[in-house]
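One-letter residues, chain by chain:
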Amino acid sequence: MPFGVTNAPTLFMDYMNIIFRLFLDKFVVVFIDDFLICLRTHEEHFEHLRIMLGILREKKLYIKLSKCEFWMNKVQFLGHRISTQGIVVDPSKVEAVF
């Protein structure tokens, strides 16, 4: 990188968008190094997870297992609460504005 790591997050995000482009907004959302894999059934989730991990292995990228959570019914992701009931803004983020 000619200007050091100043642009590293931007380049990494572009790389993630390139390698996961076929699956973005179909069953995966990527933000820098955070992945959200959407599912309808556990079997579907297992298949999506297998695809994602396969791509990461192929590209020689690694994840830290201690930071991973699998088969969650509710998650907080980028300031939103996502569950089977839908997506809502995290109330604690809204309170910070007022």
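Note that residues are indexed from 1 along each chain, following the sequence as it is written. Given that the model is predicted, a residue must reach a pLDDT of at least 70 before its local features are reported, and side-chain atom pairs must reach 80 or more before they are shown or counted; all residues, however, enter totals for whole chains, interfaces and linings. Remark: hydrogens and water are excluded; side-chain values derive from all non-hydrogen atoms of the structure.

## Side note on the pattern of salt bridges
Here is step 1 of the chain: One side-chain nitrogen of Lys or Arg within 4 Å of one carboxyl oxygen of Asp or Glu is enough to make a salt bridge. Tallied over the entire structure, the rule returns three salt bridges.
Here is step 2 of the chain: The partner of Arg81 in a salt bridge is Asp90, with the nearest N and O atoms 3.4 Å apart.
Here is step 3 of the chain: For Arg81, a relative accessible area of 38% gives the class partly exposed. Burial status follows relative accessibility: with a 1.4 Å probe on protein chains alone, a residue under 20% of its type maximum counts as buried, one over 50% as exposed, and anything between as partly exposed.

## Examining the packing of aromatic side chains
Each pair of aromatic rings is reported with the distance of its centres and the angle of its planes.
Here is step 1 of the chain: When the centres of two rings from Phe, Tyr and Trp lie within 6.5 Å, Trp using its six-membered ring, the rings pair. Their planes under 30 degrees apart give stacked, over 60 give edge-to-face, and anything left gives tilted. Enumeration over the complete set of coordinates arrives at two aromatic pairs.
Here is step 2 of the chain: For the pair Phe20 and Phe35, a centre-to-centre distance of 5.4 Å together with 75 degrees between the ring planes defines the contact as edge-to-face. In this pair, Phe20 sits in the loop between helix H1 (8-19) and strand S1 (28-31) while Phe35 sits in strand S2 (residues 34-37), placing the two residues 15 residues apart along the sequence.
Here is step 3 of the chain: According to the relative accessible area criterion, Phe35 is partly exposed, its value standing at 28%. The numbering of helices and of strands both runs from the N terminus, where a helix is a DSSP run of H or I of at least 4 residues and a strand a run of E of at least 2.

## What about the environment of Leu11?
Here is step 1 of the chain: If you trace the backbone, Leu11 turns up in helix H1.
Here is step 2 of the chain: Residues Leu11 and Ile32, 21 residues apart in the sequence, show an inter-C-alpha distance of 9.3 Å.

## A word on the side chain of Asp90
Here is step 1 of the chain: Along the chain, Asp90 falls in the loop between strand S5 (86-89) and helix H3 (91-97).
Here is step 2 of the chain: Taking relative accessible area as the criterion, Asp90 reaches 3% and is therefore assigned buried.
Here is step 3 of the chain: Contacts of Asp90, omitting those with residues within four sequence positions, involve Gln76, Gly79, His80 and Arg81. Contacts: residue pairs with any heavy atoms within 4.5 Å of one another.

## Focus on H1
Here is step 1 of the chain: What a helix should span is 1.5 Å times the count of its residues minus one. In this model H1 runs 16 Å from its N-terminal to its C-terminal C-alpha over 12 residues, within 8% of the 16 Å that 1.5 Å per residue would give.
Here is step 2 of the chain: The set of residues buried in H1 consists of Met13, Met16 and Ile19. Seen from one end, H1 has its buried residues packed into an arc of 135 degrees, which puts them on one side.
Here is step 3 of the chain: Those residues of H1 that are buried lie in contact with S1, S2 and helix H2 (42-58). As used here, the arc is the angular range of directions from the helix axis to the C-beta atoms.

## Observations concerning the nonpolar core
Here is step 1 of the chain: We define the nonpolar core as a collection of buried residues of types Ala, Val, Leu, Ile, Met, Phe, Trp, Tyr and Cys that are connected through side-chain atoms lying within 4.5 Å of one another. Counting residues in each nonpolar core, the largest one holds 14 residues, and the members touching the most others are Phe20, Phe27 and Val28.
Here is step 2 of the chain: Elements represented by at least two residues in this core include exactly H1, S1 and H2.
Here is step 3 of the chain: Examining the composition of this core, we find that five residues originate from one element, H2, more than from any other.

## Focus: the layout of surface pockets
Here is step 1 of the chain: Quantified by volume, the largest pocket comes out at close to 1300 Å³.
Here is step 2 of the chain: Cavities and pockets are found on a 1 Å grid laid over the protein atoms alone: a cavity is a set of points where a 1.4 Å probe fits but cannot escape, a pocket is an open set with protein on both sides within 12 Å along at least five of seven lines, and a lining residue has an atom within 4 Å of such a point. Considering the residues around the largest pocket, the lining is formed by 37 residues, among which Phe35, Leu36, Ile37, Glu69 and Phe77 are closest to the centre.
Here is step 3 of the chain: For the lining of the largest pocket, the element with the most residues is H2, which contributes six residues. Grid points are joined across faces, edges and corners, and a volume is the space filled by probe spheres set on the points.

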